[in-house]
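Observations on chain architecture
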Amino acid sequence: MTLRISSAAKINLVLSVLGKRRDDYHELRTILQSVSLYDTLEFARAERLEIDAPAGITEQPEQNLVYRAAEIFLQKYAPAQGVKITLTKKIPLAAGLAGGSADCAGALLGLNKFLAVNLPLAELDKIANQLGSDIAYCLRGGAYLALGRGEMLRKIPELPRLYGLILKPPFALSTAEVYRAYRPAGVKIFADDAYIEGKISPENLPTHNALWPAAGALQPELPAYRQILKATNPIACSMSGSGAALFAFYNDKITRDKAAVSLYGRYEIYPIETINSAQTISEN
Ligand SMILES: C[C@](O)(CO)[C@H](O)COP(=O)(O)OP(=O)(O)OC[C@H]1O[C@@H](n2ccc(N)nc2=O)[C@H](O)[C@@H]1O
Ligand SMILES: Nc1ncnc2c1ncn2[C@@H]1O[C@H](COP(=O)(O)OP(=O)(O)OP(=O)(O)O)[C@@H](O)[C@H]1O
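Residues numbered from 1 in each chain as written. Chains lettered and ligands numbered in written order. Predicted model: local features only at pLDDT ≥ 70, side-chain atom pairs only at ≥ 80, totals over all residues. Heavy atoms only, no water.

Side note on the site of ligand 1
Inspection of the region around ligand 1 gives 17 residues, with N12, H26, S133, R149 and Y179 positioned closest. Between N12 and ligand 1, the recorded distance is 3.0 Å, taken from a side-chain N or O atom to an oxygen atom. The contact in question runs from an oxygen atom of ligand 1 to an N or O atom on the side chain of Y179, over 2.9 Å. Isolated, ligand 1 exposes 630 Å² of accessible area, and the fraction of that covered by the protein chains is 81%. Among the cavities detected, the one that contains ligand 1 is the largest pocket. Taken together, the elements giving at least two residues each to the shell around ligand 1 come down to β1 (3–20), β2 (26–45) and α5 (175–181). When residues of the shell around ligand 1 are assigned to domains, at least three map to each of domain 1 (3–155) and domain 2 (163–275). (Near = heavy atom within 4 Å. Polar contact = N/O pair within 3.5 Å; in protein donor to acceptor, adjacent residues only side chain to side chain. Areas by Shrake-Rupley, 256 points an atom, 1.4 Å probe, with all protein chains shown as cover. 1 Å grid on protein atoms, 1.4 Å probe; cavity = no way out; pocket = protein on both sides within 12 Å on 5 of 7 lines; lining within 4 Å. Sits in = over half its atoms within 2 Å of the grid points. Helix = DSSP H or I, 4+ residues; strand = E, 2+ residues; numbered from the N terminus. Domains from an automatic or database assignment.)

Encoded structure:
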């Protein structure tokens, strides 16, 4: 029997930075939303832990977040078990889309089910929060307000289905470097009450990313890519997380598909829709 988990990318519709913490992380207030762009993990019985992942994700295979999550989980809850996890990636690397975090969450949920350990989510959160700031979110998905480093989650009303595009510029951005380049400026807390109150629609989709100036300082070409996306007349357009991925949403599927056709072949684009959960699980 094998188990297959598809784990979704996230975007930050609003990202406000409230200040620097004593632990050198930044205090965040951000609206997170899952979108239909997935990495896939497949679980099969094996003598020991084995990760089959594309080359070049990390310098050492043991640094892969799938390996790190599995190592902690097996050591603590299934010490005598072996599993082979095969990772297939579609989420662009170091793009602000939580690709590594999505894979880490998929590994925890997949092992929990495949080995029938059946831990409650709160136990998986404890491992997630050791490995990153938005992995606890990736264990859930859908629409959330995240506070703290990004690990304190408040459920907010699900968004309506919105049709969008992700444009991945031809360069990566390190989350740590973008936060290091961040300088406080302008509005501290961007108005996100429409999300909290469930008043979002194609006519009302406010976006903001406080890390945008820092990302642009590291990659001066970034504003030109945002202009390319804005030229397709979206209802909203912003950068996700620490970047460099940009997202745009459109009035409906037809206008989104027209925008996709106008960019296809010249830029790395991914058609997306808002979705209400981060993982889909199938067994065979
Ligand atoms: C940018 C976001 O994607 C917004 O959702 C997240 O805040 C990033 O979450 P993440 O990739 O899980 O980040 P982590 O792997 O925890 O941290 C990477 C580095 O980013 C910086 N970092 C991250 C999160 C945060 N709230 N403040 C920070 O300053 C820290 O230097 C940290 O060492
Ligand atoms: N399974 C994985 N997939 C992608 N990156 C991984 C994985 N495991 C570890 N990493 C490391 O994490 C780094 C960040 O990758 P990731 O794709 O998560 O960035 P991101 O989308 O910007 O994340 P976030 O939005 O959470 O900041 C990569 O450069 C890589 O070195």
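Brief notes about the layout of surface pockets
Put simply, the largest pocket is a space of about 1,200 Å³. Contributing to the lining of the largest pocket are 47 residues, with S101, D134, T175, A176 and S242 lying nearest its centre. Every element with two or more residues in the lining of the largest pocket is listed here: β1, β2, α1 (65–77), α2 (99–114) and α5. The residue inventory of the lining of the largest pocket, partitioned by class, reads 20 nonpolar, 18 polar and 9 charged. Taken domain by domain, the makeup of the lining of the largest pocket includes at least three residues from each of domain 1 (3–155) and domain 2 (163–275). Together, 16 residues line the second largest pocket, and V17, Y182, R183, P184 and A185 are the ones closest to its centre. Every element with two or more residues in the lining of the second largest pocket is listed here: β1 and β8 (208–209). (Points joined across faces, edges and corners; volume = space filled by probe spheres on them. Nonpolar A, V, L, I, M, F, W, Y, C, P; charged D, E, K, R; others polar.)

Comments concerning the UniProt feature "active site" (unreviewed entry) in the protein chain
As annotated by UniProt and renumbered to match this structure, "active site" (unreviewed entry) occupies K10 and D134. Spatial clustering of the annotated residues is evident: they stretch over 125 residues in sequence, but the largest pairwise C-alpha distance comes to 9.4 Å. Lining the largest pocket, from this annotated set, are K10 and D134. If we ignore the near neighbours within four places in the chain, the residues touching K10 are L32, Q33, S34, G96, L97, A98, D134, Y137, S240 and G241. Within the structure, the side chain of K10 is placed 2.9 Å from the backbone oxygen of G96, a separation counted as a polar contact. Mapped onto the elements, D134 comes out in the loop between α3 (121–131) and α4 (135–138). Each residue touching D134, except ones within four places of it in the same chain, is listed here: K10, A98, S101 and G150. Among the polar contacts listed, one links the side chain of D134 to the side chain of S101, at a separation of 2.6 Å. (UniProt positions renumbered as here; feature names shortened; annotations may be inferred. Contact = heavy atoms within 4.5 Å.)

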